[in-house]
Protein chains: 2
Amino acid sequence: MPTYRAPVRDTLFVLNDVLGYGNHDNLPGFADASPDVVEAILAEGAKLAENIMQPLNRVGDMEGCVRNDDGSVTTPKGFDDAYRQYCEGGWLGLATPAEFGGQGLPYTVHSAVSEYLVSANMALMMYPGLTQGAVAAILAHGSDEQKKKWLPKMVEGTWTGTMNLTEPHCGTDLGLLTTKAAPDGKGGYRISGQKIFISAGEHDLSENIIHLVLARIEGAPAGVKGISLFVVPKVMVDDEGELGERNAVSCGAIEEKMGIHGNATCVMNYDEATGYLLGEENGGLKAMFTMMNEARLGVGLQGHAMGEAAYQAAVDYARERLQGRALSGPKAPDKKADPIIVHPDIRRNLMTIRAFNEGGRALILWTALKSDIAHLSDDAKEKEAASDHLALMTPVIKGVLTDKGFDHAVMAQQVFGGHGYVEEHGMSQFVRDARIAMIYEGANGIQALDLVGRKLPQNGGRAVQAFFKEVGEFCEAHRSDEAMAPLTKALKKGLNDLQAASLWLMQNALQKPDNAGAASYDYMHLMGLVALGLMWGRMVKTAQDRLAEGGDADKAFLEAKIMTGRYFMERVMPETAAHLARISSGSDTMMAMPEDAF
Amino acid sequence: MPTYRAPVRDTLFVLNDVLGYGNHDNLPGFADASPDVVEAILAEGAKLAENIMQPLNRVGDMEGCVRNDDGSVTTPKGFDDAYRQYCEGGWLGLATPAEFGGQGLPYTVHSAVSEYLVSANMALMMYPGLTQGAVAAILAHGSDEQKKKWLPKMVEGTWTGTMNLTEPHCGTDLGLLTTKAAPDGKGGYRISGQKIFISAGEHDLSENIIHLVLARIEGAPAGVKGISLFVVPKVMVDDEGELGERNAVSCGAIEEKMGIHGNATCVMNYDEATGYLLGEENGGLKAMFTMMNEARLGVGLQGHAMGEAAYQAAVDYARERLQGRALSGPKAPDKKADPIIVHPDIRRNLMTIRAFNEGGRALILWTALKSDIAHLSDDAKEKEAASDHLALMTPVIKGVLTDKGFDHAVMAQQVFGGHGYVEEHGMSQFVRDARIAMIYEGANGIQALDLVGRKLPQNGGRAVQAFFKEVGEFCEAHRSDEAMAPLTKALKKGLNDLQAASLWLMQNALQKPDNAGAASYDYMHLMGLVALGLMWGRMVKTAQDRLAEGGDADKAFLEAKIMTGRYFMERVMPETAAHLARISSGSDTMMAMPEDAF
C-alpha cells in the first residue's frame, strides 16, 4: 500500500520564495495568515491527510458506497469519523467569511492544504468539496436571509451540499434541461425531474444535504435563458433552523463506476420537492457558473493531487524493487540486483511526473493568489488583472492538469510492472480515480472551447496579451544570465509557438469556427506548457538566487529544483511545436469525413 | 452496451490491395488459403466474434473468475460454451501444422481473425492465446515424442497452455529466478517454487493445463545462463495419452486486478511437481523467447484490437448522442440538438483513433506476412530480410500499439463524457482491459530497450538500414505525384527525424549506455510513427489507384481512407520532431538527480 507525505517544504518554497505570499498582507485575511501561521496550518493539514485520510483511501475503493432499500446510502467504514475530524478542525470553512462561521483565511492557503487532503483521499474529500462549491454559490447569489439560514451549518459541515445539473439527455448542453419548477404559492417552488451523476447526492455523513438544482420555471424561455437555480434541502428546515420533515427528493440509485468508489454518485429524483429560488429568475446558468469556476479549479487540483500521490508511490517502489543492473555497471553490488531507480527509463517516468507536479503546484498556487487578489484587492487595476488571469487559467488548470494527472498516474503504475495492475498496491485506484477529473465539471474538450471561444477574445484579448507580456518579459529579463539562458530560450520558443497559434486562430477561426474547434484542445495544452514553463523559469531563478545566498540547509532541495526545471525544458517543452503544427493544419481533414464514413 | 462489427472490408483491403497477399502462393499453406478462402474465413471469424464472443465480454468483466476452496477456478458464465465453439471451429490451430491437428494456414490469416476475436472478448481469447504460445514453444523445442504427446490435444483445445516466468521477486530480471528443478531419477524433474501473474493458470475450460515453467536445475549456473524450461502438466498423462493423477501443482490464489477479469491470473504453487525438460538444459531463456516473440506480437494485437473496439463504440455514441449545435450552424434542425459527431473536437478524437487503428492493422498484417515469409520461404535472401523485419518490428508493435490502444480507449471513453465513467456503457472495461497490454510480455520500457539495445545494432544495423531504405524509396517514388506529395513530404520529415535520432544514438550511446536508456522510449515511438506513416503512404497510394481505376462500389471507403491518411500525416506525424528533441537531450538531467532527492 502506498504511503503519502505531504510536500510541505515545496509548498512553502512556492508560496514564500517564488510567489512572495508575505507581500500581500494588505489584503483582508492575509494579515491573520502570516507565513508563520501558514506553515503551522500546512503542518496540521499534512497530519490530517497522512494519518487520517490516507489510511481510508483503499478502504473507500474496496467497500464503496451502498444504497440501502430505504434509499439511504452508507459510506465506507471510517469515513464518518474522518469527516467529523475534518469538520471539527475547521477545515471546511477555512476560506469562508467569519460571519458565517468560517475562518476567513486566504483561498491560497485553502488550495495549498486541499492538495494534501485530496492526494490522501480524493473520494472522501469530494463530500466537503461539493459543500464548498454550494457555499460559494449561496454566498454570491443568496439573499441575506438565505445566507443566514443555510450557510452556518454548511460551513461547519453539519449539512453538506451538492450540484444538480446533469439529466439523462442533458450534460454539456444545459439548454436541453427539463426539470421543472412550479410556484407553490407560498414563495417557494415544487421541483420535479430526474438528475444523474450527482456526487455526494445521498450519504450518511451529515444531518442534512442542501441540493442546488437547476430547473426551468413554468413558462420560462427555452434554452439556457430559461434556467433558474434552486436550493432544495433533503430535510426541511424551519425558521428557527430546526430540521423537520423529509423533502420529496430521494436517491433512486447509485452508479457503478470506474473509480472514486468512496463517493456516492447518485441518481436523484425530485418529485414535487420544495425548493427556493437562489438569485434571479432565469439567472440560473450565471449563478451555477459561480460554483463551476471554483469547482473547475478544484478539479484541476484533483488531477494534480493524483499525480503527486502516484509519483510518491512510484518513487518508493523504484527505490525498493531490485531488478537488473544499471547500464553503467552495478550500483548495489552487495545486493542481488540494483533498485530499478538506476534505470534511465524508470527515471524518465519519475522525472516527467515530478516536473509536472512541481510546475502544477506553482501554477495552482499562483492562480489561487490571483483569485484572492481578484476578490479582495481594492486596487482596481490589480483586481482587473488578477480577474483576467483567473478567467484565462481556470480552463487551462482544469483541462491540462487533469489530463496530465491521469497520464501520470498511468506512468507511475507502469513503474510497478505487473504489480501495478493488481489492486493490492493501490496504483490502479489512482488511475481509476484520476480518470473522472478529465470528465466532470465540463469535460476537457469543453474547457478547451471555453478557453479558445470565450476566454481568448474576452475584452479584446486583454488577458492573453497580458500573459504573453509576462512570459516575454521574464525571458527578456534573464536571457543574459548564463545559468538561466537554456531555460529562457526554451520558454521563449514555447511562447513563440503559442503566439503563432494565437495569430493563426485570429486569421483562420473568425470566418470558420470549425477551425477554432479543431484547434482548441491542442491550444489548451500549448498554453498549459507555456504557463508551466513560466513557473519553472521562476522556480529555477529563485532556487539559483537562494543557492547563491548560501542556503546550505536547503542545498539538496534547491539543486533538485534546478535539475527538474532543466528536465522540463529539455523533455517537455519540445511538445509545443507539435501542438502548433496540429493547430495550423486546420479543420478540413476532420470535418470533410461524411458522418456515415466513420 | 457497445456492439462490435468486425472490419472485414478493411482487412481485405490491406491484405489484397496493399500487401498483395495473393502473390505469395508459392509459400506452403498460402495456396490452400487463396484470397477467396481467406475472405470466407474472415467472414466466419467475424460471426464468431460478433455473435458469440462479444456478448460475453461484459459478463466476463462483471462476474470475473472465482477460485473455489478446493483450488479449482470457475470462469464466467458462458465462457465454456463459447470456448467450445471456438475450438470446434478449428480456430485454435488455424496456423498450426496439419501434422498435429492444425489447419496449416498462414500466420497472416490467423492474425487477421485474431483481431476480431480479441476486440470482441480479450479476456476470453487469452485462454487459447496462451495455448498457442505454448504450442509454438513445444513445436520449436520439443522432441518428436513430446510433440506427439502434448500438441494434438492442445491444438484441438482439449488441453490449454500457460507460460510461467514471473516470481514475486523476479519479473524482468529472470536471472533472479529461484524455482528449482531436481532430477527425479526417472528422466523427469521435481519442480518446486512459486510463480505469480500466471494468466489462465487454472480454470474450468479444459481437461488439462500444460504449464511451461522456467526453473533452475540443481547446480546450474547463476543468472539467466542457468535457467531451463519444463513442461509441467496439471494432470499427469500416461504413455497412451490417458489422464492420470493430479500433479503437485495448484492455484494458490487469483489476483484481484484492474481488468481482464474474465481471465484467471493465478499464483501457482509447484510442490515437487513432475516436469519434463523442454529443449536443452540451461537453454530455457532461449526457448522461452520463442514463445515470447510470438506472444509480443499477440499483445501488440491486443492493444490494437482494444483501440478498434473502443473506436466503434465511440462512433456509435457520437452519432446518437444529441448535445449542442455545430459551430457552423445546426445540422439536425428538426432535433433538439445535433449529434455530437458534428463537433470538431469529437472528430479529433475519433479521427486520431481511426488513423492509428487502420495504420496499426496494416502494420500488424504486413509483419505477420513477413513472419510467414521468414518461416516458410526457401529464398534465403527473402527469408533473411523478412526475419530482420520481424525482429525489428516486434518490440515496436508491442510497445507502440499497446500504448496507443490504451490511450485511444481513454479517448473513446472521453467521447461518452460522464456516461463513459460508469461501468454500464462498457467503456471503462476497454480502458481497464487495454491497460495490461502495456505491461505483460515485457513492459513497454523493456520493449524500447530491446529495440535500441538489441535490434538496432544486430548484424551491423542491417534491419534498420533496410527499413530506412524502404521508407526513403517510397517517398522518392511518389514525391512527384501531386496527390501524394503532402503525404510523402510528411513521411520524409519523419524519416529524417528517425535517421537523425539513430545517428545521435550511434554517436552518443556507445560510450555512454545511459544515453541509450534515456532515448529508448521516444525512439520506439518515433520508429512506430514512421512505420505507421509508411503504411499510410501505401494505403493512400493504393486507394488513389483504385479510385482512378473507377472502383465505384468502394468509392466512399477509398475516399475515407485517403482522408484518414491525410489526417495521420497532418496531426500525428508532427510528433516525430518532439521525440527527436527529447532523444537528443541525452540522459544527464535524469541521471544527475541523486536517488534520495526524488
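Calculation rules
- Residues numbered from 1 in each chain as written.
- Chains lettered and ligands numbered in written order.
- Predicted model: local features only at pLDDT ≥ 70, side-chain atom pairs only at ≥ 80, totals over all residues.
- Heavy atoms only, no water.
- UniProt positions renumbered as here; feature names shortened; annotations may be inferred.
- Helix = DSSP H or I, 4+ residues; strand = E, 2+ residues; numbered from the N terminus.
- Rg over C-alpha atoms; globule rule 2.2 N^0.38 Å.
- Buried < 20%, exposed > 50% of the residue type's maximum accessible area, 1.4 Å probe, protein only.
- Contact = heavy atoms within 4.5 Å.
- Pairing = 2+ DSSP bridges.
- Salt bridge = Lys/Arg side-chain N within 4 Å of Asp/Glu carboxyl O.
- Least-squares fit on C-alpha atoms with pLDDT ≥ 70 in both.
- Buried area = accessible area lost by both parts, 1.4 Å probe.
- Polar contact = N/O pair within 3.5 Å; in protein donor to acceptor, adjacent residues only side chain to side chain.
- Nonpolar A, V, L, I, M, F, W, Y, C, P; charged D, E, K, R; others polar.
- Patch = residues over 30% accessible without salt bridge, like charges linked within 9 Å, V, L, I, M, F, W, Y side chains within 5 Å.
- Areas by Shrake-Rupley, 256 points an atom, 1.4 Å probe, with all protein chains shown as cover.
- Lys, Arg positive; Asp, Glu negative; His and termini not counted.
- Charge placed at Lys NZ, Arg CZ, Asp CG, Glu CD.
- Phe/Tyr/Trp six-rings, centres within 6.5 Å; stacked < 30°, edge-to-face > 60°.

An unreviewed UniProt entry lists chain A under the name 3-methylmercaptopropionyl-CoA dehydrogenase, with Nitratireductor indicus C115 given as the organism. Taken from UniProt, the Sequence similarities (unreviewed entry) comment for chain A reads in full: "Belongs to the acyl-CoA dehydrogenase family." The annotation that UniProt attaches to chain A under Cofactor (unreviewed entry) is "FAD".

When helices and strands are counted, chain A shows 19 helices and 11 strands. Relative to the globule expectation of 25 Å for 598 residues, the C-alpha radius of gyration of chain A, 24 Å, shows essentially globular dimensions. With respect to the three principal axes, the spread of C-alpha positions in chain A is 80 × 60 × 60 Å. Within chain A, the proportion of its 598 residues that are buried is 65%. The contacts of chain A with a sequence gap of at least 6 include a subset with a gap of at least 24, amounting to 73%.

On to the pairing of strand 11 (residues 265-278) of chain B. Residues and elements named next belong to chain B. Of the strand pairs in this sheet, strand 5 (residues 189-199) and strand 11 are connected by nine bridges, and their pairing is antiparallel. Residue pairing across strands places Gly193 opposite Tyr270, the latter belonging to strand 11. As judged from the three bridges shared by strand 7 (residues 228-233) and strand 11, these two strands associate in the antiparallel manner. Counterpart to Val231 in the pairing with strand 11 is Tyr276.

So, about the pattern of salt bridges. Taken as a whole and assessed by the stated rule, the structure comprises 69 salt bridges over all chains. A salt bridge links Asp61(B) to Arg432(B), with the shortest nitrogen-to-oxygen separation between them at 2.7 Å. Pair noted here: Asp61(B) is in helix 3 (residues 57-63) and Arg432(B) is in helix 12 (residues 427-437), with a separation of 371 residues, a long-range link. In this structure, Asp497(B) and Lys493(B) form a salt bridge, with 2.8 Å as the shortest nitrogen-oxygen distance. Of the two residues, Asp497(B) and Lys493(B) are both situated in helix 15 (residues 485-508); the distance of four residues between them amounts to about one turn of the helix. A residue is classified by how much of its surface remains accessible, and Asp497(B), at 8% relative accessible area, is buried. The network of salt bridges with shared partners includes Asp522(A), Arg571(A), Glu575(A), Arg582(A), Asp522(B), Arg571(B), Glu575(B) and Arg582(B).

For a regular strand, side chains alternate in direction, first toward one face of the sheet and then toward the other. Residues and elements named next belong to chain B. Of all six residues that make up strand 7, six are buried, and the element is covered over most of its length. Relative to strand 7, strand 6 (residues 208-217) runs antiparallel, the two being bridged by six bridges. From the neighbouring strand, Val213 faces strand 7, where its bridge partner is Phe230.

Here we take up the relation of the copies chain A and chain B. Aligned on chain B, chain A shows an RMSD of 0.0 Å; the corresponding rotation is 180 degrees and the shift along the axis is 0.0 Å. Accordingly, the operation relating the two chain copies is best matched by a two-fold axis. Identified as the residue of chain A closest to the rotation axis by C-alpha distance is Ala578(A), at 3.4 Å. A symmetric contact is evident, with 100% of the interface residues of chain A recurring at the interface of chain B.

The next thing to look at is the interface of chain A and chain B. Between chain A and chain B, the contact holds 90 residues from the first and 90 residues from the second. In total, about 8000 Å² of surface goes out of reach between chain A and chain B, with carbon and sulfur atoms giving 60% of it. It is Tyr421(A), Arg571(A) and Phe598(A) in chain A that bury the most area against chain B; as a group they hold 12% of the surface buried on that side. Seen at the junction of chain A and chain B, the total is four salt bridges. In this structure, Arg571(A) engages Asp522(B) in a salt bridge whose closest nitrogen and oxygen atoms are separated by 3.7 Å. Joining chain A to chain B, the criterion identifies 52 residue pairs in polar contact (both at pLDDT 80 or more). Of the residues that constitute the side of chain A that touches chain B, the class distribution is 44 nonpolar, 21 polar and 25 charged.

Here, the residues flagged by UniProt with the feature "domain: Acyl-CoA dehydrogenase/oxidase C-terminal" (unreviewed entry) are residues 282-451 of chain A. Here residues 282-451 of chain A runs as 76% helix and 0% strand, with 25 Å between its end C-alpha atoms.

Residues and elements named next belong to chain B. With eight of 11 residues buried, helix 1 (residues 8-18) is to be regarded as a mostly interior element. Residues of helix 1 that are buried include every one of Val8, Asp10, Thr11, Leu12, Phe13, Val14, Leu15 and Val18, and no others. For helix 1, the secondary structure elements touched by its buried residues are helix 2 (35-53), helix 5 (107-120), helix 9 (344-376), helix 16 (513-548) and helix 17 (555-572). Note on helix 1: the residue one or two positions beyond its end, Gly20, has a positive phi of about 55 degrees.

Glancing now at the UniProt feature "domain: Acyl-CoA oxidase/dehydrogenase middle" (unreviewed entry) in chain A. According to UniProt, the "domain: Acyl-CoA oxidase/dehydrogenase middle" (unreviewed entry) feature falls on residues 163-271 of chain A. A helix fraction of 0% and a strand fraction of 49% characterise residues 163-271 of chain A, whose end C-alpha atoms lie 17 Å from each other.

We now examine a negative patch on the surface. Residues Glu99(A), Asp144(A), Glu145(A), Asp238(A), Asp239(A), Glu240(A) and Glu242(A) make up a contiguous surface patch of negative charge. You can see Asp239(A) is positioned in the loop between strand 8 (235-237) and strand 9 (243-246).

A word on the packing of aromatic side chains. Across all of its chains, the model carries 15 aromatic pairs over all chains by this definition. On the basis of an interplanar angle of 20 degrees and a centroid distance of 4.1 Å, the ring pair of Tyr317(A) and Phe416(A) is categorised as stacked. Of the two residues, Tyr317(A) sits in helix 8 (residues 284-320) while Phe416(A) sits in the loop between helix 10 (380-415) and helix 11 (418-421), which places them 99 residues apart along the sequence. Grouping residues by exposure puts Tyr317(A) and Phe416(A) together as buried. Here the aromatic rings of Trp150(B) and Tyr276(B) are separated by 6.0 Å at their centres, their planes lie at 40 degrees, and the arrangement is tilted. Pair noted here: Trp150(B) is in helix 7 (residues 144-156) and Tyr276(B) is in strand 11, with a separation of 126 residues, a long-range link. Owing to a relative accessible area of 22%, Tyr276(B) belongs among the partly exposed residues under this scheme. Three or more aromatic residues joined by ring pairs form one cluster here, namely Trp150(A), Trp159(A) and Tyr276(A).

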